[in-house]
Amino acid sequence: MSLLWDMVKAFLVGGAICAVVQIFIDKTALTPARILVCLVTLGVVLGAIGVYKPFIDFAGCGASVPLTGFGATLAEGVRKAVDERGLIGALTGGLAGSAGGIAAAIFFGYFFALVFRSKPRD
Amino acid sequence: MNVDKQTYKKYVASRAPASPLVKDMFLAFVTGGAICAFAEGLYNFYLFIKIEEETVRTLVPVTIVFLASLSTGLGVFDSLAKFAGAGTLVPITGFSNAVISPALDDKSEGLVMGVGAKMFTISGPVIVYGVISSVIYGVIYWLMGVLL
């Protein structure tokens, strides 16, 4: 069954990426913010040199949902925009390609931040 | 007591509990894998109900971001993140959580400088570095097209 196989691939690949990053969390002093920045930049680089797209073709959401996929989306958007509009595409393509995710994070984040109260942490 | 920085660092390292790397990696693998597998299922579901693939590609991260924001608001996300580690940080859920968490915590500072500004304390750098590297790539890509 292809759906099951797709989900297994996504599970294994996405899980593997997370497990590798966990090594950096445990063994280095990198803060979560730095890790996220590294992942998104790595994703742009991998997307730029063309290795991330085949990776997404294979693993689907296992490759696109981790933040490296977000970076690859930026690179992909830029490439498309440069193809269509020339140099100005370098400025317009990235955010256009990832606009949905960013706007959703801002909108839902704002909305739920108003609705809920912060929970005390132990 | 007079200790220099190095000695203190060593002391802290020796007293800190050894982080069980294998267990942490396993938990990150399972939770991160589960989030990605769920996203994949969602992707196929959206395609199944005849939504265009181009739209689905945006709709899936949007749905995940919605769920991550909601569960952060409910306080569920943090309890999960505590043991999931990279498992919830690395998927887009981590980005989403990074947007809403500081906004929730500093709500008391007001809607503009509290919620509005604090949303970007962690996610801001992510967007900044993502955009900068993608612009650099775009310029290189354009130059290659012009010169080659």
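Attention in this report is confined to the structure presented alongside it. (Residues numbered from 1 in each chain as written. Chains lettered and ligands numbered in written order. Predicted model: local features only at pLDDT ≥ 70, side-chain atom pairs only at ≥ 80, totals over all residues.)

**Here's the deal with the packing of helix α2 (residues 32-48) of chain A against helix α8 (residues 120-147) of chain B**
So, point 1. Look at α2(A) against α8(B): their axes get within 9 Å of each other, and the N-to-C directions meet at 20 degrees. Looking at the two axes, α2(A) sits roughly parallel to α8(B). Crossing hand, α2(A) versus α8(B): right-handed. Facing α2(A), whose interface residues are A:Pro32, A:Ala33, A:Leu36, A:Val37, A:Val40, A:Thr41, A:Val44, A:Val45 and A:Ala48, α8(B) presents B:Ile122, B:Pro125, B:Val126, B:Tyr129, B:Gly130, B:Ser133, B:Ser134 and B:Tyr137.
So, point 2. Among the residues making up the contact of α2(A) with α8(B), the classes are represented as 13 nonpolar, four polar and no charged. (Axes fitted to C-alpha atoms, helices over the stretch in contact; angles between N-to-C directions. Helix = DSSP H or I, 4+ residues; strand = E, 2+ residues; numbered from the N terminus. Parallel < 35°, antiparallel > 145°, perpendicular 65-115°, else oblique. Left-handed = near helix turned anticlockwise from the far one by under 90°. Contact = placed C-beta atoms within 7 Å. Nonpolar A, V, L, I, M, F, W, Y, C, P; charged D, E, K, R; others polar.)

**Notes on the environment of B:Tyr141**
So, point 1. Counting through the fold element by element, B:Tyr141 comes out in helix α8.
So, point 2. Its 22 C-beta neighbours within 10 Å are what place B:Tyr141 among the buried residues.
So, point 3. On a C-alpha basis, the gap between B:Tyr141 and B:Phe45 in space is 36 Å, while along the polypeptide they are 96 residues apart.
So, point 4. Leaving out residues up to four positions away in the same chain, B:Tyr141 has contacts with A:Arg79 and A:Val82. (Buried ≥ 20, exposed ≤ 12 C-beta atoms within 10 Å, placed from the backbone.)

That is the geometry; function is a separate question.
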